[in-house]
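As a plain string of letters, each chain reads:
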Amino acid sequence: MVDVTDKIMKYRDVAYYSGCALEGSANGYDVSTRAVAKSLGLRIKDVTDWNCCGAMEVKNVDPGLQTYLSSRVLSNAVNIDHANVVMAPCNGCYHNLKKAEYDLKNDPKSKETVDRLSAKAGHEAYQAGQAETIHALDWIKAAIGEEGLRKRTKGRLAGLKVANYYGCMYVRPRHIFPEKDKGPGSESTSRPHFMDDLLAAAGAENVDFPLKTACCGGAHTLSDSDTSTKLVLNILQAAEASGADVIATECPTCHSGLEMHQVRAEKRFGKKTRITMLYFTQLLGLALGIGPRRLGIHTNISDSTDLIIDKRLT
């Protein structure tokens, strides 16, 4: 059993795999993650020469190639950066790195493909078990914890009602997340709570939100926009019905989808919702006393200016 102190120290320094989205449409997630890390005294180092994890596009065309792309990220983290923990804030990246780990351990064909392509590319092939992949939620939960956040944030999110939205790729498929569902202290795939725990520690009130892990339709945004809009509308309306002031997100695809389809739902179906979206790192950043601009909040599509003023979050 890993000692709690050892685990805290293990996660103080991590290899940071931002992924493609955080360098583009989800820049606010990246900026706020870095700002929160600095404020909390956590050290993150970008994975050297990282590449796309294969996302949904490559995976749907050639699963073996997607496994290789994710394995190359892990290989660079281990063999170039000498890291043993890789932190990915993006649900898609997190999911794909975890899937690559599972495939390399359990599927000889995947291992053969990765070994062959790694040799052709001229770098060391990643071997299952060389690194641990964690999400940004795991990272803050383990390295700082609720008590650490309470001391640092002093309840600054008090009065803010939050609907925590995890999306579907954070918990599915269950078999690639062997560390979850291990009882007290571990994350749950059926009722995830790490984001709830962290924001509650900062003073927020987590509302009873039934669609925490519902799909936002991100994969269908281009092929079937109406379906995606309807799925998002369900989430937005459920959050408003729960009494939430804001939806906290931890996935760039989900966050962008909620924002864009909120606009589309009004234009296409005449359904207006007023709830705003913020990344959980932006909310934690506000609780830590970091200014909205340093957290990239101005880059979000949904305008949270009134919310921040009304709830005195600055």
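Here the structure is a predicted model, which is why all the values come from computation and not from measurement.

A.B. asks: How do you make sense of the packing of helix α10 (residues 225–241) against helix α11 (residues 252–269) when you look at a structure like this?
C.D. replies: When two helices pack together, their arrangement is given by the angle between the helix axes and the distance between those axes. One can describe the packing of α10 onto α11 by two numbers: an axis separation of 8 Å at closest approach and a directional angle of 105°. By the angle between their axes, α10 is roughly perpendicular relative to α11. Across the interface between the two elements, S225, D226, S228, T229, K230, V232, L233, I235 and L236 of α10 pack against G257, L258, H261, Q262, R264, A265, R268 and F269 of α11. Looking at the contact of α10 with α11, its residues break down into seven nonpolar, six polar and four charged.

A.B. asks: Teacher, can you tell me more about the nonpolar core here?
C.D. replies: Core analysis: the biggest nonpolar cluster contains 76 residues, and Y17, W139, I140, L157, L199 and F280 have the highest contact counts within it. Among residues more than four places away in sequence, those in contact with F280 are Y29, A136, L137, I140, M195, L198, L199, T249 and E250. In this structure, V207, F209, I275 and M277 belong to the second largest nonpolar core, which totals 17 residues.

A.B. asks: Any chance you could explain the packing of aromatic side chains here in plain terms?
C.D. replies: Following the criterion strictly, the structure yields six aromatic pairs and no others. Between Y29 and F280, the ring centres sit 6.4 Å apart and the planes meet at 75°, which makes this aromatic pair edge-to-face. Placement of Y29 in helix α2 (residues 27–40) and of F280 in helix α12 (residues 280–287) is noted, with a sequence separation of 251 residues between them. Assessed through its relative accessible area of 0%, Y29 is described here as buried. A ring pair is formed by Y166 and Y170, whose centres lie 5.4 Å apart and whose planes are at 25°; its orientation type is stacked. The two residues Y166 and Y170 agree in class, both being buried. In this arrangement the basic side chain of K180 is found over the ring face of Y170, its NZ or CZ atom lying 3.8 Å from the centre. A cation over an aromatic ring shows up here: K180 above the ring of F177, its NZ or CZ 4.2 Å from the ring centre.

A.B. asks: Looking at this structure, I do not really get the sheet that holds strand β5 (residues 161–165). What am I missing?
C.D. replies: Backbone hydrogen bonds hold the strands of a sheet together, and the pairing may be parallel or antiparallel. Sheet architecture is open: four strands sit in the order β6-β5-β7-β8, paired in parallel fashion. A single partner strand is all that each edge strand has here, and the edge strands are β6 (205–206) and β8 (276–279). Pairing of β5 with strand β7 (residues 246–249) involves four bridges; the strand directions are parallel. Residue Y165 lies in a different strand from β7, and its bridge partner there is T249.

A.B. asks: Can you help me understand the pattern of salt bridges in this one?
C.D. replies: Opposite charge on two side chains lets them pair, provided their charged atoms get close. This model, assessed by the stated rule, comprises 18 salt bridges. As a salt-bridge pair, R150 and E147 come within 3.2 Å of each other at their nearest N and O atoms. Taken together, the positions of R150 and E147, both in helix α8 (residues 145–153) and three residues apart, correspond to about one turn of that helix. Overall, the relative accessible area of 42% leaves R150 in the partly exposed class. According to the relative accessible area criterion, E147 is partly exposed, its value standing at 45%.

The rules behind the values
Residues numbered from 1 in each chain as written. Predicted model: local features only at pLDDT ≥ 70, side-chain atom pairs only at ≥ 80, totals over all residues. Heavy atoms only, no water. Axes fitted to C-alpha atoms, helices over the stretch in contact; angles between N-to-C directions. Helix = DSSP H or I, 4+ residues; strand = E, 2+ residues; numbered from the N terminus. Parallel < 35°, antiparallel > 145°, perpendicular 65-115°, else oblique. Contact = heavy atoms within 4.5 Å. Nonpolar A, V, L, I, M, F, W, Y, C, P; charged D, E, K, R; others polar. Core = buried A, V, L, I, M, F, W, Y, C linked by side-chain atoms within 4.5 Å. Buried < 20%, exposed > 50% of the residue type's maximum accessible area, 1.4 Å probe, protein only. Phe/Tyr/Trp six-rings, centres within 6.5 Å; stacked < 30°, edge-to-face > 60°. Lys NZ or Arg CZ within 6 Å of the ring centre and 35° of its normal. Pairing = 2+ DSSP bridges. Salt bridge = Lys/Arg side-chain N within 4 Å of Asp/Glu carboxyl O.

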